Amino acid sequence: MLSGKNLLLIISGGIAAYKVLEVIRRLRDRGMMIRAVLTEGGAQFVTPLSVAALTENRVYQDLFSLTDEAEMGHIRLSREADLVLVAPASADLIARMASGMANDLATTALLATNKPVLIAPAMNVEMWNHAATRANIATLESRGVMRIGPASGDLACGEFGSGRLSEPADIIAAVTDFFTARTAAKPLAGKRAIVTSGPTHEPIDPVRYIANRSSGKQGHAIAVALAAAGAEVTLISGPVALPDPSGMAVRHVETAREMMVAVQDSLPADIAVCAAAVADWRVASSAGQKLKKDESGQMPDLRFAENPDILAALGAPGPNRPALVIGFAAETENLLAHARAKLVRKGCDWILANDVTAESGTFGGDHNQIHLIRQDRPQDDDVWPRQDKKAVADHLVAQIIAHFAGTKP
Ligand code: CTP
């Protein structure tokens, strides 16, 4: 599994750095090619000579060393790896990664890399529990950085708790798991998918707009699950507070009309999932200047125009129609009847009907309760349990995989 794979290993400062020598030895035994970057702090704990001897490669230490830049620039160093492993990842390096600094070779390579990153933190328990470290870890994880450990136990500083560098065997298992998952079957490989997500904002004037409570959590989770199954995903998102998921193209739009253009630009596709809560109406002629109160007591006279229906456009017959068009039906009453009517009206293959009354907590919340209605099996009432939005996304993608495989889930 690891043979011939390239690892960029970044060793930062910490007493646990000595354990990384064992990690290098065992990864080399498994045939991994390792290039190491030793930070200034790391070099206080292990010598460049021992790292070079074990990796059987030169060790990179200095961002400004001309020989390094001539032989292999930091960009290439960060790009030629299949995986970047930071072990030990000190509190300081984690903080610099989270804030996007590039003030030494390690952080510059981490900022320049477009490869997956796995960190193995090691530090004192209070440093690990500090709100700053918690926030930095959350930031890195939201960007897709993977983590192993820290483990708990006796710490070098004499205290006890979470903060120990994971054991070499566990770090090696995490590296192996990464490559196993990556080479696992990708059942949607070769399929292109478009996912719309989030609300749209329809301007009233330059400072005001009409919006809705959609958070984008469900659409984004579906895009992530499709990408994990190997699909080539374009996520078209209205304004949301979520970070862009990695591993896909993300297009940001504001209005329904912009969303429609982005969807059409992203065709052809095999799969379209419309999870966006698109505003049905926009203000017919939004004001070029801020609407002002005058003394007359007269209210502004807002007139509405209908927005294009993106799902209906995707579902309409034609050469560009995706093979599987999936919509949502957000309803507050007569869920199934309204959802079935919507399925027919919008020409889609599947509708995921969900109750969005205030009590259901669906809109903006973390959970969803879905009834899947299929155009080819109208009487099947496929009711999913109430589950979190990631589980809903995984469930949907499992059904999509079964659909393309021609099996009945
Ligand atoms: N949708 C869309 N473009 C629109 C309106 C809705 O693509 N202009 C999609 C949504 O992404 C969703 C589905 O249509 O997949 C149903 O959205 P919903 O808001 O439930 O339905 P509406 O079309 O707005 O119908 P109604 O307001 O009558 O419930």
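Quick caveat: nothing in here was measured; it's all calculated off a predicted structure.

**Thoughts on the domain arrangement of the protein chain**
Point 1. Domain parsing of the protein chain yields domain 1 (6-185) and domain 2 (192-405).
Point 2. Of note, the centres of domain 1 and domain 2, computed from C-alpha atoms alone, are 40 Å apart.

**Considerations on the packing of helix H10 (residues 217-228) against helix H14 (residues 389-405)**
Point 1. Their axes nearest at 8 Å, the elements H10 and H14 cross at an angle of 45°. Classed by the angle they form, the pair H10 and H14 counts as oblique. Handedness of the crossing formed by H10 with H14: right-handed. Between H10, through Lys217, Gln218, Ala221, Ile222, Ala225 and Leu226, and H14, the contact on the second element is made entirely by Lys389, Lys390, Val392, Ala393, Asp394, Leu396, Val397 and Ile400.
Point 2. Residue classes in the contact of H10 with H14 are distributed as nine nonpolar, one polar and four charged.

**Considerations on helix H1 (residues 17-29)**
Point 1. The terminal C-alpha atoms of H1 lie 19 Å apart, and with 13 residues this matches the ideal 18 Å at 1.5 Å per residue to within 8%.
Point 2. Those residues of H1 that fall on the buried side of the exposure criterion are Ala17, Lys19, Val20, Leu21, Val23, Ile24 and Leu27.
Point 3. Residues of H1 that are buried sit in contact with strand S1 (6-11), strand S2 (33-38), helix H2 (48-55), strand S4 (83-89), strand S8 (160-164) and helix H9 (168-183).
Point 4. Note on H1: the residue one or two positions beyond its end, glycine 31, has a positive phi of about 90°.

**Focus: the environment of tryptophan 384**
Point 1. Within the element layout of this structure, tryptophan 384 appears in the loop between strand S21 (377-383) and strand S22 (387-388).
Point 2. Classification of tryptophan 384 as buried rests on a relative accessible area of 1%.
Point 3. A sequence separation of 378 residues divides tryptophan 384 from asparagine 6, and the C-alpha atoms of the two residues are 42 Å apart.
Point 4. If near-sequence neighbours (up to four positions away) are discounted, tryptophan 384 is found in contact with Leu352, Gln369, Ile370, Leu372, Val392, His395, Leu396 and Gln399.

**What about the packing of aromatic side chains?**
Point 1. On inspection of all chains with the given rule, the structure shows one aromatic pair.
Point 2. Between phenylalanine 178 and phenylalanine 179, the aromatic rings sit 4.8 Å apart at their centres with planes inclined by 75°, giving edge-to-face as the arrangement.
Point 3. Judged by its relative accessible area of 0%, phenylalanine 179 falls in the buried class.
Point 4. Positioned over the ring face of tryptophan 128 is arginine 134, at 4.5 Å from the centre of the ring.
Point 5. The residue whose ring lies beneath arginine 374 is tryptophan 350, and the NZ or CZ to ring-centre distance is 4.5 Å.

**Quick look at the pairing of S8**
Point 1. Both strand S7 (residues 151-154) and S8 contribute to a ladder of four bridges, which runs antiparallel. Along S8, the bridge assignment pairs aspartate 154 with phenylalanine 160.
Point 2. Linkage of S7 to S8, two consecutive antiparallel strands, is achieved through a turn of five residues, within which glycine 158 is found at a positive phi near 95°.

**Topic: a nonpolar patch on the surface**
Point 1. Among the surface-exposed residues, Trp281, Leu291, Leu302 and Phe304 lie close enough to one another that they form a single nonpolar patch of about 380 Å² accessible area.
Point 2. Residue position: tryptophan 281 is located in strand S15 (residues 281-283).

**Notes on the site of the ligand**
Point 1. By nearness alone, 15 residues border the ligand, and Cys274, Ala276, Phe328, Lys342 and Lys346 come closest of all.
Point 2. Here proline 308 contributes a backbone N or O atom positioned 2.9 Å from a nitrogen atom of the ligand.
Point 3. Take lysine 342: an N or O atom from its side chain is 2.7 Å from an oxygen atom of the ligand.
Point 4. Counting only elements with at least two residues in the shell around the ligand, the list comes to helix H12 (310-315), strand S17 (324-331) and helix H13 (335-345).
Point 5. Ranked by residue count, the leading element in the shell around the ligand is S17, at four residues.

**A word on the environment of alanine 91**
Point 1. Its place among the elements puts alanine 91 in helix H5 (residues 91-98).
Point 2. Separated by 78 residues in the primary sequence, alanine 91 and glycine 13 have C-alpha atoms spaced 9.4 Å apart.
Point 3. Apart from residues lying up to four places away in sequence, alanine 91 is in contact with Met123 and Met127.

**Let's talk about the nonpolar core**
Point 1. Ranked by internal contacts, the top residues of the largest apolar core, which has 32 residues, are Leu9, Ile11, Leu27 and Val175.
Point 2. Those elements giving two or more residues to this core turn out to be S1, H1, S2, S4, strand S5 (117-121) and H9.
Point 3. Listed in part, the 30 residues of the second largest apolar core include Val195, Ala223, Trp384 and Ala393.

**Observations concerning the sheet that holds S2**
Point 1. Read from one edge to the other, the open sheet built from six strands follows the order S3-S2-S1-S4-S5-S6, with strand pairing classed as parallel. Whereas interior strands pair on both sides, the edge strands pair on one side only; in this sheet they are strand S3 (59-60) and strand S6 (146-147).
Point 2. Direction of pairing for S5 relative to S6: parallel, over a ladder of two bridges. Its bridge partner being in S6, leucine 118 is matched across the sheet by methionine 146.
Point 3. Each of S1, S2 and S4 touches H1; the most contacted strand, S1, lies at about 170° to it.
Point 4. Packed onto the sheet, H5 meets S1, S4 and S5 and runs at close to 145° relative to S5.

**Here we look at the environment of isoleucine 171**
Point 1. Position of isoleucine 171 among the secondary structure elements: in helix H9.
Point 2. Placed 231 residues apart in sequence, isoleucine 171 and alanine 402 show a C-alpha to C-alpha distance of 35 Å.
Point 3. Each residue touching isoleucine 171, except ones within four places of it in the same chain, is listed here: Val23, Leu85, Ala120, Leu165 and Ser166.

Conventions and cut-offs
Residues numbered from 1 in each chain as written. Predicted model: local features only at pLDDT ≥ 70, side-chain atom pairs only at ≥ 80, totals over all residues. Heavy atoms only, no water. Domains from an automatic or database assignment. Axes fitted to C-alpha atoms, helices over the stretch in contact; angles between N-to-C directions. Helix = DSSP H or I, 4+ residues; strand = E, 2+ residues; numbered from the N terminus. Parallel < 35°, antiparallel > 145°, perpendicular 65-115°, else oblique. Left-handed = near helix turned anticlockwise from the far one by under 90°. Contact = heavy atoms within 4.5 Å. Nonpolar A, V, L, I, M, F, W, Y, C, P; charged D, E, K, R; others polar. Expected span 1.5 Å × (residues − 1). Buried < 20%, exposed > 50% of the residue type's maximum accessible area, 1.4 Å probe, protein only. Phe/Tyr/Trp six-rings, centres within 6.5 Å; stacked < 30°, edge-to-face > 60°. Lys NZ or Arg CZ within 6 Å of the ring centre and 35° of its normal. Pairing = 2+ DSSP bridges. Patch = residues over 30% accessible without salt bridge, like charges linked within 9 Å, V, L, I, M, F, W, Y side chains within 5 Å. Areas by Shrake-Rupley, 256 points an atom, 1.4 Å probe, with all protein chains shown as cover. Salt bridge = Lys/Arg side-chain N within 4 Å of Asp/Glu carboxyl O. Near = heavy atom within 4 Å. Polar contact = N/O pair within 3.5 Å; in protein donor to acceptor, adjacent residues only side chain to side chain. Core = buried A, V, L, I, M, F, W, Y, C linked by side-chain atoms within 4.5 Å.

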